[in-house]
Amino acid sequence: MQRRTFLCFAGAALPLPAAAAKKAVFVLTSIRMRQGPDRQAERTAEFLATAFVPAMKRAGAGPVGLFGNLIGEQSPTIHALVSYPSLAGLEEAIDKLAQDPEYQKRAEAYYSAPGLAYQRLHSSLLRAFDSMPAIEAPPTAGRQAARIFELRTYESNNLLTLRRKIKMFDDGEIAIFRRLGMSPVFFGQTLIGGNMPSLTYMLAFDSLAAREKAWQAFAQDPEWQKMRLQPGLGDAEIVSNISNSILRPLPGSDIR
């Protein structure tokens, strides 16, 4: 098995520009599965939880989030979210992963098992927003029931309109989310990935009912209504497509 295959969950070794500010970068990987006797989803979830997540922590990366689709296209899909302190930190983690004998042994067994490990995967490299420079994992102390998470991607017509949308989040929209109990986990601009230009973010909710109630409150919020009516900030002016998935945390996830 080639080294590049072992590193796919961490982000391919691509030429990256130097970081100009102390904001985290994220690799978000969606791993598409199929139902069948080869148990792709179960095998991959176990590998990620018991081999990949510990190896990433040994390499200095994290937090690491692992999620399965509760509602979303191309189910079953597993989403792996890995945070790095910088672009240089991402490259260092990739090198350490390649030199980690325990991880390489586990990866060899995972990929060499009978049947395909997965159908296809897609990774995006994201950079954190100014107003939220790192992942904020929700507290878990004393919590019994698992949260649900919403992963949303906004595509824009061009880089200018994308910058407007990012500024809109930084200047007040994220604060409205917080006020209404829509707990932000991360916000990131896509540096490398599909359907660019785009941004992706994640919110945490106590339940599906809590999510529905919070979005209804957001739609009616006076501050939000005032913001969206400003010239140049209407959805039709700065967002060309929105996609979202509802996720549940998997075993081994730091984000729950």
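Quick note: structure is the one above.
So, here is what we can say about the structure in this document. The structure displayed is predicted, hence computed values, not measured ones. (Residues numbered from 1 in each chain as written. Predicted model: local features only at pLDDT ≥ 70, side-chain atom pairs only at ≥ 80, totals over all residues. Heavy atoms only, no water.)

## Side note on the packing of helix α2 (residues 40–58) against helix α4 (residues 101–112)
Running from N to C, α2 and α4 cross one another at 165°; their axes reach a closest spacing of 10 Å. In terms of orientation, α2 lies roughly antiparallel with respect to α4. You can see that α2 and α4 cross each other, and the crossing is left-handed. Contacts from R43, T44, F47, T50, A51, F52, A55 and R58 in α2 reach E102, Y103, R106, A107 and Y110 in α4. Residues that form the contact of α2 with α4 fall into these classes: seven nonpolar, two polar and four charged. (Axes fitted to C-alpha atoms, helices over the stretch in contact; angles between N-to-C directions. Helix = DSSP H or I, 4+ residues; strand = E, 2+ residues; numbered from the N terminus. Parallel < 35°, antiparallel > 145°, perpendicular 65-115°, else oblique. Left-handed = near helix turned anticlockwise from the far one by under 90°. Contact = heavy atoms within 4.5 Å. Nonpolar A, V, L, I, M, F, W, Y, C, P; charged D, E, K, R; others polar.)

## What about the pattern of salt bridges?
Applying the stated criterion across every chain, the model contains eleven salt bridges. Here R179 makes a salt bridge to D221, at a shortest N to O gap of 2.9 Å. Of this pair, R179 sits in helix α5 (residues 159–179) while D221 sits in the loop between α6 (208–220) and α7 (222–228), placing them 42 residues apart in sequence. Judged by its relative accessible area of 47%, R179 is partly exposed. The exposure class of D221 is buried, given its relative accessible area of 6%. (Salt bridge = Lys/Arg side-chain N within 4 Å of Asp/Glu carboxyl O. Buried < 20%, exposed > 50% of the residue type's maximum accessible area, 1.4 Å probe, protein only.)

## Re the nonpolar core
Across soluble globular proteins, you tend to see nonpolar side chains buried next to one another. Counting 33 residues, the largest nonpolar core has F47, F52, M56, L66, Y84 and Y103 as its most contacted members. Within the residue set of this core, elements represented by two or more residues are β1 (25–32), α2, β2 (64–71), β3 (77–84), α3 (87–98) and α4. At eight residues, α2 tops the list of elements feeding residues into this core. One finds F129, I174, L203 and V239 within the second-largest nonpolar core, a separate group that totals 26 residues. (Core = buried A, V, L, I, M, F, W, Y, C linked by side-chain atoms within 4.5 Å.)

## Focus: the packing of aromatic side chains
Summed over all chains, the structure comprises 21 aromatic pairs. Site record: aromatic cluster; members linked through ring pairs are F129, Y154, F169, F177, F187, Y201, W215, F218 and W224. Positioned above the aromatic ring of F169, the side-chain terminus of K165 is 4.6 Å from the ring centre. (Phe/Tyr/Trp six-rings, centres within 6.5 Å; stacked < 30°, edge-to-face > 60°. Lys NZ or Arg CZ within 6 Å of the ring centre and 35° of its normal.)

## Brief notes about the layout of surface pockets
In this structure, the largest pocket encloses a volume near 730 Å³. Lining the largest pocket are 27 residues, with S30, H79, H122, T153 and S243 positioned closest to its centre. Mapped onto the lining of the largest pocket, the elements with two or more residues apiece are β1, β3, β4 (120–128), β5 (148–155), β7 (198–205) and β8 (241–249). Residue composition of the lining of the largest pocket, grouped by class: four nonpolar, 18 polar and five charged. (1 Å grid on protein atoms, 1.4 Å probe; cavity = no way out; pocket = protein on both sides within 12 Å on 5 of 7 lines; lining within 4 Å. Points joined across faces, edges and corners; volume = space filled by probe spheres on them.)

## So, the environment of F218
Structurally, F218 can be placed in helix α6. Considering only alpha carbons, one finds F218 and I176, 42 residues apart in sequence, at a separation of 7.7 Å. Those residues in contact with F218 that sit more than four places away from it in its chain are E173, I176, F177, L180, M182 and W224.

## Focus: the environment of R248
Counting through the fold element by element, R248 comes out in strand β8. Taking the C-alpha atoms as reference points, R248 and F52, 196 residues apart in sequence, are found 19 Å from one another. The contact partners of R248, leaving out residues within four places of it in the chain, are L66, F67, G68 and N69.

## Focus: α5
For α5, with 21 residues, the first-to-last C-alpha span of 29 Å sits near the 30 Å given by 1.5 Å per residue. Within α5 the residues assigned to the buried category are T161, L162, K165, I166, M168, F169, G172, E173, I174, I176 and F177. Along its buried surface, α5 packs onto β5, β6 (183–192), β7, α6, α7 and α8 (235–238). Where α5 begins, one side-chain oxygen reaches toward the backbone nitrogen of L160, 3.0 Å away; that side chain belongs to N158. Looking one or two residues beyond α5, the residue adopting positive phi is G181, at roughly 80°. (Expected span 1.5 Å × (residues − 1). Polar contact = N/O pair within 3.5 Å; in protein donor to acceptor, adjacent residues only side chain to side chain.)

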